[in-house]
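Each chain, written out:
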Amino acid sequence: MNILAIETSCDETAIAIVQTNASMNRMRVLAEPLLSQIALHAEYGGVFPALAKREHAKAIVPLLKTALTEAGLYHPKKVRQPLGSKLTKKIQTLLAREENTSEELINLLEYMRTPKIDAIAVTSGPGLEPALWVGINTALALSSALDVPLYPVNHMEGHMYAGALISEKNAKGETVLSFPDIAYPILTLLISGGHTELVLTKNNGKHTIVGATRDDAVGEAFDKVARVLGIPYPGGPEVSRRAKLMRDSGVTIPKQDQFPRPMLHTPDFDFSFSGLKTSVLYRTQKIENMTDEIRNTIALDFENAVTEVIVKKTMGALEKYSAQTLIVGGGVSANTEIRKRLTESISEVKKTIYLPKPKDATDNALMIAVTAVKHIKLGKKPKKKVIANGNWKISKT
Ligand code: KG4
Ligand code: ZN
């Protein structure tokens, strides 16, 4: 079965095509092109929904053609074969708000042989609604044109399943993904630019959020701290790189000088990062002659504080819910220090941890494709109507 997945929830336009085996436990990656808008948003210090939407609309059809070509599924026709007025009208209506996208899509479809795609998956939330709609409307149009089922996917569930994938190369050098056998219940730590959640998953695929941030998400805190320190968006990786420089050169912060560890000792599994971010702001404002060394020390102190809270809460939740396995997902799971500390703590209690490869931690469409495979395996039904749900909780999937 060939599954085509589309992701446009934030600032990456991504399409992936995977081919599953008959039992749907192995997936060959046929294509995974991605176009990042990060450089564009960096100028404004954050992601602007209207700009993100416009860029997705510009990128999506060319990216679709690239994906089909990479997958060996693009076969052009010399002579145009009209789609028929009903389908043409439907695509035009669906993509009426996306400049040029409907014309480009109709043109692509009229000049190629129907590609062998058996199902389509699309991120329908959480995320920026204007951005989500571009992917959803394109997916709806494609699903009609190719006459294949459409599966809406929760972006955070995508990060979860992507966190626990086994990735191998076959004899042809192609990437083959599989799901490991994991004992339930599973605890997942989801840390991204918009979310910080601890999620418990039972063997029927049902998720419960057992802890979450009460204000800023951890990636958001990294990005805001970066901005305070004058580091461009998205500053998370750079804050982390600077912290590592100091740590590697043996710098430690005396206890009395450290930033607070918010909610470290509360008995629940919730988080709060907005106070920590404010502490960074106040300390920075007091410094008259800012140097790179001071910036890096602040980065170190901040990253240590975040890591300590995340590790303590996660380990507490694992124990309370008797989970043997921890999956970590979301953009911040690329963070070296958080990965290292979690891995050490998990090994001390002899449990298992799954972390995505750092390059697969941030948004992509492969995570949406593999989640659709999980759903199809679990017998979930495709949807005729799909809408963008900016706040779609993983517990409501
Ligand atoms: O999952 P993601 O790509 O997008 C969302 O769904 O939010 O996560 C992006 C977030 C950004 O806030 C970025 O600064 C953060 O992940 N991030 C990191 C690192 N790599 C990405 N934060 C800290 N350390 C990193 N190495
Ligand atoms: Zn994400």
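This text goes with the structure placed above it.
My aim in this report is to walk through the structure given alongside it, one point at a time. Treat the numbers as computed from the prediction; the structure is a model and nothing was measured. (Residues numbered from 1 in each chain as written. Chains lettered and ligands numbered in written order. Predicted model: local features only at pLDDT ≥ 70, side-chain atom pairs only at ≥ 80, totals over all residues. Heavy atoms only, no water.)

### Some thoughts on the pattern of salt bridges
On inspection of all chains with the given rule, the structure shows 27 salt bridges. For glutamate 168, the salt bridge identified is with arginine 26, shortest N-O distance 3.7 Å. With glutamate 168 in strand S7 (residues 166–169) and arginine 26 in strand S3 (residues 26–31), the pair connects residues that are 142 residues apart, well separated along the chain. In this structure glutamate 168 comes out as partly exposed when scored by relative accessible area, which is 37%. Relative accessible area serves as the criterion here: at 38%, arginine 26 is assigned to the partly exposed category. Taking the shortest distance from any N to any O, the salt bridge between aspartate 292 and arginine 295 comes out at 2.8 Å. Placement of both aspartate 292 and arginine 295 in helix H10 (residues 292–320) is noted, with a separation of 3 residues, approximately one turn of the helix. Judged by its relative accessible area of 23%, arginine 295 falls in the partly exposed class. Members of the salt-bridge network, linked through shared partners, are Arg247, Glu303, Glu337, Lys340, Arg341 and Glu344. (Salt bridge = Lys/Arg side-chain N within 4 Å of Asp/Glu carboxyl O. Helix = DSSP H or I, 4+ residues; strand = E, 2+ residues; numbered from the N terminus. Buried < 20%, exposed > 50% of the residue type's maximum accessible area, 1.4 Å probe, protein only.)

### Side note on the sheet that holds strand S11 (residues 207–212)
The strands making up a sheet associate through backbone hydrogen bonding, with each pair oriented either parallel or antiparallel. Spatial ordering of the open sheet is given by S11-S10-S9-S12-S13, a layout of 5 strands whose pairing is mixed. The open sheet is flanked by S11 and strand S13 (352–354), the only strands paired with a single partner. Here the strands of the sheet are splayed against their neighbours by 25° on average, with no regard to which way each runs. Looking at chain direction, strand S9 (residues 186–191) and strand S12 (residues 325–329) are connected through 5 bridges and run parallel. (Pairing = 2+ DSSP bridges. Axes fitted to C-alpha atoms, helices over the stretch in contact; angles between N-to-C directions.)

### Topic: the site of ligand 1
Around ligand 1 sit 19 residues, and of these His159, Gly193, Asp223, Gly331 and Asn335 come closest. At a separation of 2.8 Å, an oxygen atom of ligand 1 approaches a polar backbone atom of glycine 193. When contributions to the shell around ligand 1 are tallied by element, the ones reaching two or more residues are helix H6 (155–163), helix H7 (218–228) and helix H8 (236–248). (Near = heavy atom within 4 Å. Polar contact = N/O pair within 3.5 Å; in protein donor to acceptor, adjacent residues only side chain to side chain.)

### Considerations on the packing of aromatic side chains
Applying the stated rule across the entire model yields 5 aromatic pairs. Summarising the aromatic geometry, the rings of phenylalanine 271 and phenylalanine 273 are spaced 6.0 Å apart at their centres and angled 20° between planes, so their arrangement reads as stacked. One exposure class covers both phenylalanine 271 and phenylalanine 273, and it is buried. One Lys or Arg, arginine 283, reaches over the ring of phenylalanine 259 and ends 3.9 Å from the middle of that ring. Sitting over the ring of phenylalanine 179, lysine 374 keeps its end group 4.5 Å from the ring centre. (Phe/Tyr/Trp six-rings, centres within 6.5 Å; stacked < 30°, edge-to-face > 60°. Lys NZ or Arg CZ within 6 Å of the ring centre and 35° of its normal.)

### A few points about the nonpolar core
Leu187, Phe302, Val306, Ile310 and Leu326 are the most contacted members of the largest nonpolar core, which totals 44 residues. Put simply, the parts of the chain that give this core at least two residues each are S9, strand S10 (196–201), H7, H8, helix H9 (274–286), H10, S12 and helix H11 (336–348). With 12 residues, H10 is the largest single contributor of residues to this core. Judged by nonpolar contacts, the second largest core, of 39 residues, contains Leu63, Leu68, Ile91 and Leu142. (Core = buried A, V, L, I, M, F, W, Y, C linked by side-chain atoms within 4.5 Å.)

### A few points about the environment of threonine 114
Locating threonine 114 in the fold gives a position in the loop between helix H4 (101–110) and strand S5 (119–125). The spacing of threonine 114 and leucine 146 is 32 residues in sequence and 6.9 Å in space, taken between C-alpha atoms.

### Let's talk about the pairing of strand S2 (residues 12–20)
Working note: regular strand, side chains alternate between the two faces of the sheet. When you tally the buried positions in S2, you get 8 out of 9 residues, the bulk of the element. Two elements, strand S1 (residues 2–7) and S2, share 6 bridges in a ladder whose sense is antiparallel. In the sheet register, alanine 5 faces S2, and the bridge partner there is alanine 16. The antiparallel hairpin formed by S1 and S2 contains 4 residues in its connecting segment.

### Considerations on the packing of helix H3 (residues 85–94) against helix H5 (residues 129–146)
In contact at an axis separation of 9 Å, H3 and H5 are set at 170° when each is read in the N-to-C sense. Our classification of the angle between H3 and H5 gives roughly antiparallel. On H5, the residues that touch Leu87, Lys90, Ile91 and Leu94 of H3 are Asn137, Leu140, Ala141, Ser144 and Ala145. (Parallel < 35°, antiparallel > 145°, perpendicular 65-115°, else oblique. Contact = heavy atoms within 4.5 Å.)

### Structural notes on the packing of H9 against H10
Across the interface, H9 lies against H10 with an axial gap of 11 Å and an inter-helix angle of 165°. Taken as axis vectors, H9 and H10 run roughly antiparallel relative to one another. Pair H9 / H10 crosses with right-handed handedness. Counting all contacts with H9, which are made through Leu276, Val280, Arg283 and Thr284, the residues of H10 involved are Ile298, Asp301, Phe302, Ala305 and Val306. Of the residues assigned to the contact of H9 with H10, the class counts are 6 nonpolar, 1 polar and 2 charged. (Left-handed = near helix turned anticlockwise from the far one by under 90°. Nonpolar A, V, L, I, M, F, W, Y, C, P; charged D, E, K, R; others polar.)

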